[in-house]
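# Breakdown of the fold
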Amino acid sequence: MKTISTILVPFDFSEVATNALKYAVHFIQNDPNARIILAHVVEGDISLETEDKLEQIVTQYSNSLTNPIVSIIAKGKIIDALLHLQSKTPVDLVIMGTCPDKSDCHLQSKTSDFVLEAQCPVIVIPTDYTKIDVKKIALIIDKEKIHNNEVLNVLLDVSRRFNAIVSVLTIVKEDGGYGYTENDEKNENDIIYHLENFYSHHAFIEDKDIVHGLFNYVEENDIDLVAILPKNHAETPITSQGKLTKALSQQTKIPLLAIDL
């Protein structure tokens, strides 16, 4: 199984980005084979002051790591520049910060747009989220078959790093949607096989508002990380699923792992 070894962290010197960097440092702290690439994107000229500030950050946060953080300054629009970096560099995971929806920083829209475009897993870290240890993970799936089981290997890697248990959650919008289908059975078998002893159980809840149902479950069960499969919901794209991914990445109050490969 390929493990997560290179993490890209977009960095704009804000508290939100610094919070995401701290999470990334903890994520690889006990992994001697992992490294962080710190990416600062500018639309204009690159100044010596910016280079110096970035180097100070690299020095400060590399102290506890086996491999020093590598910094990159890229030019262009932030999403385009990050997508270019992610496509040209062997990035296994992106960890980036976001702000609450309707806040003044506007980062939430950029982050959610990047999550939809990225061709690798992304962990979204909400501003002011300071809990780093991950003990409980909730994987959100619908009743469609999981088409690429490699996404479960990503979740297994995260679970192993933190020795975290994984519960699976399916939210149905109306009564009568609980029937155990052939897809449910296949998903269950695949999850048990790939997640090994980290898999806990599969919960079904009813809520007409999926976002509301998810966040209620997170709060009631002390979940530390939510995992979603943005592009797995069907063989052909479903527009509403893009809207759901965007809503979750903009409104989440705990780290959100969007797994795409």
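Computed from a predicted structure; not experimentally measured.

Of the residues in the protein chain, 89% reach a pLDDT of 70 or more, and the chain-wide mean stands at 88. Across residues 233-239 the pLDDT falls below 50, and counting only partners more than four positions away or on other chains, this stretch makes 7 contacts in the model.

All right, on to the packing of aromatic side chains then. Any pair of aromatic rings gets described here by the distance separating the centres and the angle formed by the planes. Going through the model one piece at a time under the given rule, you end up with 2 aromatic pairs. A ring pair is formed by Phe11 and Phe13, whose centres lie 5.3 Å apart and whose planes are at 75°; its orientation type is edge-to-face. Note on Phe11: relative accessible area 3%, which makes it buried. Where Phe27 meets Phe162, the ring centres are 5.7 Å apart and the plane angle is 65°; that geometry is what we call edge-to-face. Of the two residues, Phe27 is situated in helix H1 (residues 15-28) and Phe162 in helix H5 (residues 150-162); the sequence distance between them amounts to 135 residues. Like Phe27, the residue Phe162 is buried in the burial classification.

Right, let's get into the pairing of strand S5 (residues 122-126). Taking burial as the measure, the 5 residues of S5 include 5 buried ones, the bulk of the element. Residues Val122, Val124 and Pro126 of S5 are buried on one face, and the alternating residues Ile123 and Ile125, pointing to the opposite face, are buried as well. Two elements, strand S4 (residues 93-98) and S5, share 5 bridges in a ladder whose sense is parallel. Bridge pairing in S5 places Val94 opposite Val122. Two strands pair when backbone bridges link them, and S5 and strand S10 (residues 256-258) are joined in this way by 3 bridges, in the antiparallel orientation.

Looking now at the nonpolar core. The biggest cluster of nonpolar side chains holds 49 residues, and the ones touching the most others in it are Leu21, Phe27, Ile95 and Leu139. Among the elements that take part in this core, H1 stands out by supplying 8 residues, more than any other. Apart from the residues within four sequence positions on either side, Leu139 is in contact with Leu152, Leu155, Val166, Ser167, Val168, Leu169, Ile191, Ala227 and Leu229. Residues Ile37, Val41, Phe114 and Ile228 belong to the second largest nonpolar core, which totals 38 residues.

Next up on the list: helix H7 (residues 210-220). Listed in full, the buried residues belonging to H7 are Val211, Gly213, Leu214, Tyr217 and Val218. Seen from one end, H7 has its buried residues packed into an arc of 165°, which puts them on one side. Of the exposed residues in H7, the ones pointing more than 90 degrees away from its buried face are Glu219 and Glu220. A side-chain oxygen of the first residue of H7 lies 3.0 Å from the backbone nitrogen of Val211; this N-cap is Asp209. Positive phi shows up at Asp222, right after H7, with a value of about 55°.

Strand order in the open sheet made by the 10 strands is S3-S2-S1-S4-S5-S10-S9-S6-S7-S8, with mixed pairing throughout. Two strands in the sheet have a free side with no partner beyond their single neighbour: strand S3 (70-75) and strand S8 (199-206). Neighbour-to-neighbour, the strand axes of the sheet open up by a mean angle of 25°, direction not taken into account. Relative to S4, strand S1 (residues 6-10) runs parallel, the two being bridged by 2 bridges. Among the inter-strand pairings, Ile7 is bridged to a residue of S4, identified as Leu93. Helix H3 (residues 78-88) rests against S1, strand S2 (35-42), S3 and S4 of the sheet, and its axis sits at about 145° to S2.

Analysis parameters
Residues numbered from 1 in each chain as written. Predicted model: local features only at pLDDT ≥ 70, side-chain atom pairs only at ≥ 80, totals over all residues. Heavy atoms only, no water. pLDDT = per-residue confidence, 0-100. Contact = heavy atoms within 4.5 Å. Phe/Tyr/Trp six-rings, centres within 6.5 Å; stacked < 30°, edge-to-face > 60°. Buried < 20%, exposed > 50% of the residue type's maximum accessible area, 1.4 Å probe, protein only. Helix = DSSP H or I, 4+ residues; strand = E, 2+ residues; numbered from the N terminus. Pairing = 2+ DSSP bridges. Core = buried A, V, L, I, M, F, W, Y, C linked by side-chain atoms within 4.5 Å. Arc of directions from axis to C-beta. Polar contact = N/O pair within 3.5 Å; in protein donor to acceptor, adjacent residues only side chain to side chain. Axes fitted to C-alpha atoms, helices over the stretch in contact; angles between N-to-C directions.

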